[in-house]
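Residue-level listing of the chains:
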There are 2 protein chains.
Amino acid sequence: MSGTVYGIGLGPGDPELMTLKAARLIGEAKVIAYPTLAGGESFARSIAAAYIPKGTREIVMDVPMTVDRAPAQAAYDIGANAIRSALDAGEDVVVLCEGDPFFYGSFMYLFARLKRDYAVEVVPGVTSVTTCAAVAGVPMAARNEVVTILPAPELVARMEGGHPMDVLHGADTLVVMKLGRHFARVRAAIETAGLTEEAVYIERASTPHEVVLPLSQAPEKAPYFSMILIVKGADPWL
Amino acid sequence: MSGTVYGIGLGPGDPELMTLKAARLIGEAKVIAYPTLAGGESFARSIAAAYIPKGTREIVMDVPMTVDRAPAQAAYDIGANAIRSALDAGEDVVVLCEGDPFFYGSFMYLFARLKRDYAVEVVPGVTSVTTCAAVAGVPMAARNEVVTILPAPELVARMEGGHPMDVLHGADTLVVMKLGRHFARVRAAIETAGLTEEAVYIERASTPHEVVLPLSQAPEKAPYFSMILIVKGADPWL
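Described in the following lines is the structure provided in the data block. Values in this document were obtained by computation on a predicted structure and should not be read as measured data.

1. Concerning the interface of chain A and chain B
Item 1. Contacts between the two partners involve 55 residues from chain A and, on the opposite side, 55 residues from chain B.
Item 2. Summed over the three residues of chain A that lose the most area to chain B, namely E16, L20 and F102 of chain A, the buried surface amounts to 14% of that side.
Item 3. Applying the counting criterion to the chain A and chain B interface returns 2 salt bridges.
Item 4. The closest approach of N and O atoms between R24 of chain A and E16 of chain B, which form a salt bridge, is 2.5 Å.
Item 5. At the junction of chain A with chain B, the criterion picks out 23 residue pairs in polar contact (both at pLDDT 80 or more).
Item 6. The set of elements that each furnish at least two residues to the side of chain A that touches chain B consists of α1 (20-27), α4 (107-114), β5 (119-123), α5 (128-136), β6 (147-151) and α6 (152-160) of chain A.

Here it is in C-alpha cells:
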C-alpha cells in the first residue's frame, strides 16, 4: 500500500506556534521533504528542527528564484518524483511548509503533482497574517468586517496598469503581504489613499528578528517576510 | 505586580490543531476565562478541555445573544472585572478563544477593556478559513492572488442596500463566513454572480461533525460555523 503525503503548516516562525498535530507528525516521520530557495537554508526546516527525529531521511528541493518559472517547476518535478518513490515503497512523507500549506504556500506545487495518485492530508497552520495582528496588538477583524489580503506585486501591477485603487477602499481591513522590493511603491500607494495613519508595518513576526512599527516609521527596505496591516475602523461595539 | 492576560487562539475545533504554546499556557494556568453563548456549552472550553489542569479556577462569561448589544456588553464588563481582580492579585489569566483571538474573536471585547491597564499577550491560532481549505482539498491562494473574507451578514446587507456586488468579483478567492440564517440569500447571490460551480460548502471543519460538499449539493440550512470557499482561478503555474 502506498504511503500518505502530509502537507504540514508550521506557522509563522516561532516553533511554539506549530500545532500539536504538526509536532506529532514530524516526530513520527521517517521521511520529510522541504524546499530551499536558491541554495539557502530552509526556513521551514529551521522551524521544525527540534522535532525531526535522528535518522529521518530528508528530501530537499532546491528551488531557483528566477523570473522564468521553468527551473522552479523542474525542481518541484524532481522533488515530487523523489516523494513518489518513497510513497510507492509504502513510506509516509511529511512535507514541511512555513505558515499554512494552502495559503500562499509552496506545498501547492507538490499537491498539484501528487493529488491524483496518492492520499494527501493537509494540516493547516497559523498564518503570518493573524500573527502580525497579534504581535502588533491590533484586532484585525470583528463582527461583520470585510478583510482583503493583497500581495504587494499585485497591488503594484494594478497601480502601474492604471487600474482604480478600489482594492484599497473596498475592505474594512487590508493586509498587504510580500513587500520585499515592492515596498516603496506600496508605501506610496497607501499614502496616496490616505491610509498611512492606520497602517502598521510588521517584519518576521514571532521570530527573534521581529519588527513592529507604525508604517510612517518603517525602515526604507523591507524583506519578503513582511507585511502592512491596515485596520480602518474600530468596531463601535468594542 | 499584576498578572498578564493571555488571549489564546485554540484553532478551529480539533484539539490537535491547538498550538504547542496554547497547550503549554493552558496546562500552566491557575485561572482561565471564556464566554458561553446564551448559557450553552463553551466551544472554546471543549477544545481545550484535556489540557485544563484540575483545580484551575474558571471565569465564565455568559453572553446573551440578543439584537440589542447592551446585555452582551454588560456580560463582558462583568467578565473583565472578574479578570481584573485576578490580575490585581498577581495571577495570570488565560482567556480561551476558538480560532484566532484577533480574527472575528470575542477576545477583542476583553482586550478593549483590559489593554490600557494590564500586560496582554495574544497567541495566534489556526483559523477556520485555512482549515476549510485544507479539509476541502482546495489550495486557497497562490503567488499574487487576492483573497477577500466576507461575513455573510455584510454580503446580505450590501445586496439589500442595492450596492453593486463588486465584492464578489474583485478577488481571486472569496471566503463567505458565518452563514447561519443568511445562507439562502448568500447562495442566491453566488448563483447570480455565476460562481456556484467553483463554490465549496464547509461546516464545522476539523470537528467530528465536519461537512464538505459542493455548494450545489449543500443542505438547505447552515449553522453559524460554516463557510463557502470560492477559488476562481487555478494558478497557471501549478
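2. Concerning the sheet that holds strand β7 (residues 173-177) of chain B
Item 1. Strand order in this open sheet of 10 strands is β9(A)-β8(A)-β10(A)-β7(A)-β6(A)-β6(B)-β7(B)-β10(B)-β8(B)-β9(B), and the pairing throughout is mixed. Since the sheet does not close on itself, it has two edges, and those belong to β9 (211-214) of chain A together with β9 (211-214) of chain B, each with one partner. Pairs of neighbouring strands in the sheet enclose a mean axial angle of 15°, with direction left out of account.
Item 2. Where β6 of chain A lies against strand β7 (residues 173-177) of chain A, 5 bridges are found, and the strand directions are parallel.

3. Things to note about the sheet that holds strand β3 (residues 57-63) of chain B
Residue and element names in this part refer to chain B.
Item 1. Overall, parallel pairing links the 5 strands, which are arranged β3-β2-β4-β1-β5 in an open sheet. Looking along the sheet, the strands with just one partner apiece sit at the ends: β3 and β5 (119-123). Strand after strand, the sheet turns through a mean of 20° between neighbouring axes, direction not considered.
Item 2. When strand β1 (residues 4-9) meets strand β4 (residues 93-97), the two strands line up parallel, connected through 5 bridges. Across the sheet, the residue bridging to V5 is V93, located in β4.
Item 3. The strands touched by helix α1 (residues 20-27) within the sheet are β1, β4 and β5, with β1 carrying the most contacts at an inclination of about 135°.

Thresholds applied
Residues numbered from 1 in each chain as written. Chains lettered and ligands numbered in written order. Predicted model: local features only at pLDDT ≥ 70, side-chain atom pairs only at ≥ 80, totals over all residues. Heavy atoms only, no water. Contact = heavy atoms within 4.5 Å. Buried area = accessible area lost by both parts, 1.4 Å probe. Salt bridge = Lys/Arg side-chain N within 4 Å of Asp/Glu carboxyl O. Polar contact = N/O pair within 3.5 Å; in protein donor to acceptor, adjacent residues only side chain to side chain. Helix = DSSP H or I, 4+ residues; strand = E, 2+ residues; numbered from the N terminus. Pairing = 2+ DSSP bridges. Axes fitted to C-alpha atoms, helices over the stretch in contact; angles between N-to-C directions.

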